[in-house]
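So you can see what is in the structure, the chains are spelled out below.
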Amino acid sequence: MGQMLTAKQVAEVRGCSYQYIKRIIKDGKLEAKEIVNDKNRKTYLVPLEVLDEELQQRWYRMVSEKPPEGVSPEEKVPEKENVDNYSEAERREIDFWIGLVEQWQEYRMKPEVTRKAEVDEKFVAFCELEYPDRQISVDILYRKWKAVKEDDLSGLIDRRGKWKKGTSSIDDTIWQAFLYYYLDQSRYPVRKCLEYTKLWAQEMRPDLYAEIPSYSSFYRRLERDLPEGVKVLGREGHKAFNDRCSPYIRRTYDDMASNEWWIADNHTFDVMVRDKAGKIHRPYLTAFMDARSGIFTGFHITYNPSSEATLAALRKGIKEYGIPDNIYVDNGREFLTFDIGGLGHRRKKPKEGVEPFEPPGVFKRLGINMTNAIVRNAKAKIIERRFLDVKNALSRLFDTYTGGTVTEKPERLKAVLKKGEIYTDEVFEEYVETVLRWYFNMEPYSGAVEADRGKCKMDVYNEHLNRKRKATEEDLYLMLMRSTRPQKVTRRGVRLEIAGGQIDFWNDEFVQLYLDKKVYFRYDPDDLSSVRIYDLEDRYVMTVPADNEAVLSYGAGKEDVKRAMAKTRRAERLAREYKENAVLAEADRITAMELVIRQAERNKAAYTGKADPAVLEIQRADEEPVYRKVSGGADLDEMNRNAAKRKGGRG
């Protein structure tokens, strides 16, 4: 017999699939010999001479040397199996049979043994008593002995029911069609994908329709062969793949100091509270977290995330812990505001290549570098994982906890809301202030630095605070003021539009010196009685008052302006001392809220740690007015009277 090739070798030579070669052999389009291999599986051998001359030459080029005439692939000596290729259970089975065969051979070779057949029967009887769970016979012993002598480890394993493991009866073309529907972001169920595959086969490959196996075959192959990353990418998209399956850059914290990086974000409390007007709402938390220690540094509770809430939380954190070097935020408008952190990627291209004047933002005045997270990157901010703790360890303490989803909503919520047992904004803020500062910040550190794990988070913060930047109350007030865009000075000075109202700021000196010139001003939303004027070289000019009479005459009304002035006033309220005996439920019951608050109080009373930075820097707002009043200088009133005389009027 001449050279014989396996069906897989023919497929390799022709550059097609193994299933295609099998199919044309079954259809009689390719001559082949059907045999049973050493694994008791049906396979095919194809004579080399039935292939085209070109394919024969290609085969000879693919092999390093031509095998001897008459040697077929099935006569090749199989390679020795590596024991590492077997599972632990299979290795135990191999060891058992090797030991048993050796014991059997020693038993047969004893000098007193005369009839080995009789000894074999006695040994099998012994095995039945010793190993009742094993099927052992004389024939089996001889087969295992043969496998041991030939070093055939696979022959020592019970392959019954295992020869099909890892194989599939699904044709490759059918499988590819099935994956086309399965790896779709519509996320069709497996049964629907199989249904669509059958419809496709009826249209495109009717010859394969009868070979399509059952649903369970597709389900098993999905579980066995389809990588999870491919499944997520195809059915859920790139973001889900990057968030859950792609490798990520591990951030290192060992060399990071406290206050080097603060991370900011917003969180919606899953709690219903009541405001002063009786309206029920879910509050928001704007928070800053120190990346090195994991403590909450500054936070503010608000009705809606906003730039004012960001500044309120930042002010609170700076007053307590100092000014951070860097802030890591997302791309929300509460952070990407021109007068806070700058517009970032929201910045528009300049017209005609001329960059418009932008007043320095709050972060720049404070010497803070802002970094923005990659858009829609779930791995970007570790504070989002911290907010999960806020949900589970804080929001769940309240009876008005709503749950993050419909399935999480407690059954009691409806009854609690109906009874009106709802926390007020003030009480809710007291609880949050106490828990965040004296419970969350006092928890054991469990971050990335192994050496600090188990320490109190506040101690970790204090230990790694190498440098602390501070500012006086006056300087901090100046650096945290809001800014406007440049505007031209009119006879009514400059104008601020806020909360539907308009306020003019001016005085005679300011209007006469800067009429028709462009300036910008900084203001405090909590105190709109005056603003600070700056020229376009960012030099402080003067402070000008509001025209209160004009405020009263606007259609928005005085109450609108009052609401605008009070919009961020809640951030300045100091947290009142928490009442130790406050209870949320029956007096004889210790609720989860009480346990947490009491522990926070004990932490507060017992904690004596203190930050001791090696360097203490003072951040100042150095601003000198461009124009100073000089003794003996020009009198504006006198100048006006002289001008009137020149025009024929009375002085």
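Please read these numbers as outputs of a predicted model, since none were measured by experiment. (Residues numbered from 1 in each chain as written. Predicted model: local features only at pLDDT ≥ 70, side-chain atom pairs only at ≥ 80, totals over all residues. Heavy atoms only, no water.)

1. Points about the overall build of the protein
Part 1 of the argument: Within the protein, the regular secondary structure consists of 24 helices and 20 strands.
Part 2 of the argument: Expressed as a percentage of its 651 residues, the buried residues of the protein come to 41%.
Part 3 of the argument: Pairs at least 24 residues apart make up 65% of the contacts formed inside the protein by residues separated by at least 6 positions. (Helix = DSSP H or I, 4+ residues; strand = E, 2+ residues; numbered from the N terminus. Buried < 20%, exposed > 50% of the residue type's maximum accessible area, 1.4 Å probe, protein only. Contact = heavy atoms within 4.5 Å.)

2. A word on the sheet that holds strand S7 (residues 284-290)
Part 1 of the argument: Judged by pairing direction, the sheet is mixed, and its 5 strands sit side by side in the order S8-S7-S4-S9-S10 without closing on themselves. A strand with exactly one partner marks an edge of an open sheet, and here the two such strands are strand S8 (296-302) and strand S10 (369-372). Direction aside, neighbouring strands of the sheet carry axes that sit 20° apart on average.
Part 2 of the argument: Together, strand S4 (261-268), S7, S8 and strand S9 (326-329) form the strand contacts of helix H13 (residues 307-321), whose direction differs from that of S8 by roughly 145°.
Part 3 of the argument: Set on the sheet, helix H17 (residues 425-440) makes contact with S7 and S8; between it and S8 the angle comes to about 165°. (Pairing = 2+ DSSP bridges. Axes fitted to C-alpha atoms, helices over the stretch in contact; angles between N-to-C directions.)

3. Here's the deal with the environment of Thr197
Part 1 of the argument: Mapped onto the secondary structure, Thr197 falls in helix H8 (residues 190-204).
Part 2 of the argument: Note on Thr197: relative accessible area 0%, which makes it buried.
Part 3 of the argument: Thr197 sits 19 residues away from Phe178 along the chain, and the two C-alpha atoms are 5.3 Å apart.
Part 4 of the argument: When near neighbours in sequence (up to four residues on either side) are disregarded, Thr197 contacts Ile174, Ala177, Phe178 and Tyr181.

4. Quick notes on the packing of helix H7 (residues 172-182) against H8
Part 1 of the argument: Between H7 and H8, the shortest axis-to-axis distance is 9 Å and the interhelical angle comes to 130°. For the element pair H7 / H8, the angle class is oblique. With respect to the hand of their crossing, H7 and H8 are arranged in right-handed fashion. Across the interface between the two elements, Thr173, Ile174, Ala177, Phe178, Tyr181 and Tyr182 of H7 pack against Val190, Cys193, Leu194, Tyr196, Thr197, Trp200 and Ala201 of H8.
Part 2 of the argument: When grouped by side-chain class, the residues that make up the contact of H7 with H8 number 11 nonpolar, 2 polar and no charged. (Parallel < 35°, antiparallel > 145°, perpendicular 65-115°, else oblique. Left-handed = near helix turned anticlockwise from the far one by under 90°. Nonpolar A, V, L, I, M, F, W, Y, C, P; charged D, E, K, R; others polar.)

5. Re the sheet that holds strand S11 (residues 423-424)
Part 1 of the argument: Overall, mixed pairing links the 3 strands, which are arranged S6-S5-S11 in an open sheet. Only two strands of the sheet have a single partner each, and these edge strands are strand S6 (280-281) and S11.
Part 2 of the argument: Relative to S11, strand S5 (residues 273-274) runs parallel, the two being bridged by 2 bridges. When the bridges of S11 are listed, Val273 appears paired with Tyr423.

6. Concerning the pairing of S4
Part 1 of the argument: Among the 8 residues of S4, 6 are classified as buried, and the element is accordingly described as predominantly covered.
Part 2 of the argument: As paired strands, S4 and S9 are joined by 3 bridges and run parallel to one another. Residue pairing for S9: Trp261 is matched across the bridge by Asn326.
Part 3 of the argument: Relative to S7, S4 runs antiparallel, the two sharing 7 bridges. Looking across to S7, one finds that His267 is bridged to Leu285.

7. What about the packing of helix H4 (residues 88-108) against helix H6 (residues 138-149)?
Part 1 of the argument: Put simply, H4 and H6 touch, their axes get as near as 10 Å, and they point 105° apart. Classified by the angle their axes make, H4 and H6 are roughly perpendicular. Residues Trp97, Ile98, Leu100, Val101, Trp104, Gln105 and Arg108 of H4 touch H6, and the partners they reach there are Ile140, Leu141, Tyr142, Lys144, Trp145 and Val148.
Part 2 of the argument: Grouping the constituent residues of the contact of H4 with H6 by class yields 10 nonpolar, 1 polar and 2 charged.

8. Topic: the packing of aromatic side chains
Part 1 of the argument: One pass over the structure, following the stated rule, counts 30 aromatic pairs.
Part 2 of the argument: By the ring-pair criterion, three or more aromatic residues cluster together here, those being Phe269, Phe398, Tyr423, Phe428 and Tyr431.
Part 3 of the argument: One residue, Lys144, lies across the ring of Trp97, its end atom 5.0 Å from the ring centre. (Phe/Tyr/Trp six-rings, centres within 6.5 Å; stacked < 30°, edge-to-face > 60°. Lys NZ or Arg CZ within 6 Å of the ring centre and 35° of its normal.)

9. Side note on the confidence of the model for the protein
Part 1 of the argument: Scored by pLDDT, the protein has a mean of 77; 74% of the residues are at 70 or more.
Part 2 of the argument: The least confident element of the protein, judged by mean pLDDT, is helix H21 (residues 548-553) at 43; the most confident is helix H18 (residues 457-463) at 93. (pLDDT = per-residue confidence, 0-100.)

10. Some points on the nonpolar core
Among soluble globular proteins, nonpolar side chains are generally buried collectively.
Part 1 of the argument: Counting 29 residues, the largest nonpolar core has Phe288, Leu314, Ile327, Phe363, Leu366, Met458 and Leu480 as the members making the most contacts within it.
Part 2 of the argument: Taken together, the elements giving at least two residues each to this core come down to S4, H13, S9, helix H14 (362-365), H18 and helix H19 (473-479).
Part 3 of the argument: It is H13 that provides the largest number of residues to this core, a total of 5 residues.
Part 4 of the argument: Counting 22 residues, the second largest nonpolar core, distinct from the first, contains Phe387, Leu394, Tyr423 and Tyr431. (Core = buried A, V, L, I, M, F, W, Y, C linked by side-chain atoms within 4.5 Å.)

11. Brief notes about the pattern of salt bridges
Part 1 of the argument: Under the counting rule described, the total for this entry stands at 26 salt bridges.
Part 2 of the argument: Put simply, Asp171 and Arg23 hold a salt bridge, and the shortest N to O gap is 3.4 Å. Separated by 148 residues along the polypeptide, Asp171 in the loop between H6 and H7 and Arg23 in helix H2 (residues 18-26) bring together distant segments of the chain. Like Arg23, Asp171 is buried.
Part 3 of the argument: The shortest N-O distance in the salt bridge between Glu228 and Lys231 comes to 3.8 Å. With Glu228 and Lys231 both in helix H11 (residues 228-236), this residue pair falls 3 residues apart, about one helical turn.
Part 4 of the argument: Judged by its relative accessible area of 47%, Glu228 falls in the partly exposed class.
Part 5 of the argument: Several salt bridges share partner residues, and in doing so they unite Arg292, Asp452, Lys455 and Glu463 into one network. (Salt bridge = Lys/Arg side-chain N within 4 Å of Asp/Glu carboxyl O.)

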